[in-house]
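Chain by chain, the residues run as shown.
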Amino acid sequence: SGSSNFLIVNVPNGKDVINYQVQMLANNETEFFLPLKKVQINNKVQLYYNITNKATLSQLLKNEKLSKASLLQLLGCIVSAFEEAEEYQLEDRGVVLDKKYIFMETLNSEPYFMYMPFYKESSGMKLIGDFIIQLKNDKLLDVNSGEYIKPILEACYDDSVTFEKLGRIIYDLRLPTPLEENNISVKNNNIDDYEDKISNFDDIFEEEDIQELNGMD
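Residues numbered from 1 in each chain as written. Predicted model: local features only at pLDDT ≥ 70, side-chain atom pairs only at ≥ 80, totals over all residues. Heavy atoms only, no water.

## A look at the overall build of the protein
Now for step 1: Counting its regular elements, the protein contains seven helices and seven strands.
Now for step 2: Going residue by residue from the N terminus, the α and β elements of the protein occur as β-α-β-β-β-α-α-β-β-α-α-α-α-β.
Now for step 3: Of the contacts formed within the protein by residues at least 6 apart in sequence, a portion of 79% connects residues at least 24 apart.
Now for step 4: In the structure as shown, the protein presents an accessible area of about 12100 Å², 44% of it carried by carbon and sulfur atoms. (Helix = DSSP H or I, 4+ residues; strand = E, 2+ residues; numbered from the N terminus. Contact = heavy atoms within 4.5 Å. Areas by Shrake-Rupley, 256 points an atom, 1.4 Å probe, with all protein chains shown as cover.)

Printed below as a string of structure tokens:
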């Protein structure tokens, strides 16, 4: 069999790994999460994420922006990942929404997410809204993105909206509008009023706690 590539997270001392969450991801073949295993030698704990045949979203966006179709497809998968996390009793706060740690299958561009098994509380859809704003701030969205992002952001920061409803909003936006069908562009909607809602990504590990291991059989 071919060799495997792993992303390794060195768990900082004092940070407790929730073992049942690790077991859920180690023993089940999930649709949206990277396979995970925990390795402990003496007091040092490492998390191994299998990233074989995958590239990060960052790498894929090095020379291009996310088109409307690609962004909505990605957001639809994120909503499904949150629903899958709930199904496996994994708190959604552990889902890492960061372009450097979202991995895309090189063959079919399906996204896979890292899950950090440290949390007992939920963050909800606000995480998805923060992620969209981060993409916008990093100038990775196309110029007309304001018009289709606004209803998604409104839903993400509305506590009464369910994941099912957010998924429906995203699905409906994937259908071409009459304007798009006729190639008419619309003045960009302003979504800057959401800027103050974004919370900084809660860094649970430092950049130096992460390493990559290639060519492991």
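More follows now that the structure is in view.
## Some thoughts on the sheet that holds strand 5 (residues 102-105)
In sheet architecture, strand pairing relies on hydrogen bonds along the backbone and comes in two forms, parallel and antiparallel.
Now for step 1: Taken in spatial order, the three strands make up an open sheet running 4-5-6, and their pairing is antiparallel. Here the strands that pair on one side only, and so sit at the sheet edges, are strand 4 (54-56) and strand 6 (111-113). On average, adjacent strands in this sheet sit at an angle of 40° to one another, irrespective of strand direction.
Now for step 2: Summarising the sheet, strand 4 and strand 5 pair through three bridges and their orientation is antiparallel. From the neighbouring strand, threonine 56 faces strand 5, where its bridge partner is phenylalanine 103. (Pairing = 2+ DSSP bridges. Axes fitted to C-alpha atoms, helices over the stretch in contact; angles between N-to-C directions.)

## Things to note about the packing of aromatic side chains
Now for step 1: Under the definition given, this model contains three aromatic pairs.
Now for step 2: Considering the side-chain rings of phenylalanine 6 and tyrosine 48, the 5.8 Å spacing of their centres and the 65° angle between planes classify their relative orientation as edge-to-face. Remark: tyrosine 48 occurs in strand 3 (residues 44-50) and phenylalanine 6 occurs in strand 1 (residues 4-10); sequence separation between them is 42 residues. The two residues phenylalanine 6 and tyrosine 48 agree in class, both being buried.
Now for step 3: Ring plane angle 85° and centroid distance 6.0 Å describe the contact between phenylalanine 33 and tyrosine 115, whose orientation is recorded as edge-to-face. With phenylalanine 33 in the loop between helix 1 (19-27) and strand 2 (36-41) and tyrosine 115 in the loop between strand 6 and helix 4 (126-137), this pair connects stretches of sequence that are 82 residues apart. Assigned by exposure class, phenylalanine 33 and tyrosine 115 land together as buried.
Now for step 4: The ring centre of phenylalanine 118 lies 5.3 Å from the NZ or CZ of lysine 15, which sits over that ring.
Now for step 5: Lysine 54 extends its terminal NZ or CZ atom over the ring of tyrosine 112, reaching a point 4.7 Å from the ring centre. (Phe/Tyr/Trp six-rings, centres within 6.5 Å; stacked < 30°, edge-to-face > 60°. Buried < 20%, exposed > 50% of the residue type's maximum accessible area, 1.4 Å probe, protein only. Lys NZ or Arg CZ within 6 Å of the ring centre and 35° of its normal.)

## So, the pairing of strand 5
Residues in a regular strand project their side chains so that they alternate between the two faces of the sheet.
Now for step 1: Residues Ile102 and Met104 point to one face of strand 5 and Phe103 and Glu105 to the other, with burial holding for every one of them.
Now for step 2: Relative to strand 6, strand 5 runs antiparallel, the two being bridged by three bridges. Its bridge partner being in strand 6, methionine 104 is matched across the sheet by proline 111.
Now for step 3: Joining the antiparallel neighbours strand 5 and strand 6 is a turn of five residues, in which serine 109 adopts a positive phi near 60°.

## Let's talk about the packing of helix 5 (residues 145-156) against helix 6 (residues 163-174)
Now for step 1: It is at 10 Å that the axes of helix 5 and helix 6 come closest, and there the two elements cross at 175°. On the basis of the axis angle, helix 5 is roughly antiparallel to helix 6. Two secondary-structure elements touch here, helix 5 through Tyr148, Pro151, Ile152, Ala155 and Cys156 and helix 6 through Leu166, Ile169, Ile170 and Leu173.
Now for step 2: Taken together, the residues of the contact of helix 5 with helix 6 break down into nine nonpolar, no polar and no charged. (Parallel < 35°, antiparallel > 145°, perpendicular 65-115°, else oblique. Nonpolar A, V, L, I, M, F, W, Y, C, P; charged D, E, K, R; others polar.)

## Thoughts on the confidence of the model for the protein
Now for step 1: The pLDDT averaged across the protein works out to 83; a share of 80% of its residues lies at or above 70.
Now for step 2: Confidence, read as mean pLDDT per element, is least for helix 7 (residues 178-181) in the protein (57) and greatest for strand 6 (96).
Now for step 3: The low-confidence segment residues 194-204, where pLDDT is below 50, has 26 contacts with residues more than four positions distant or belonging to other chains. (pLDDT = per-residue confidence, 0-100.)

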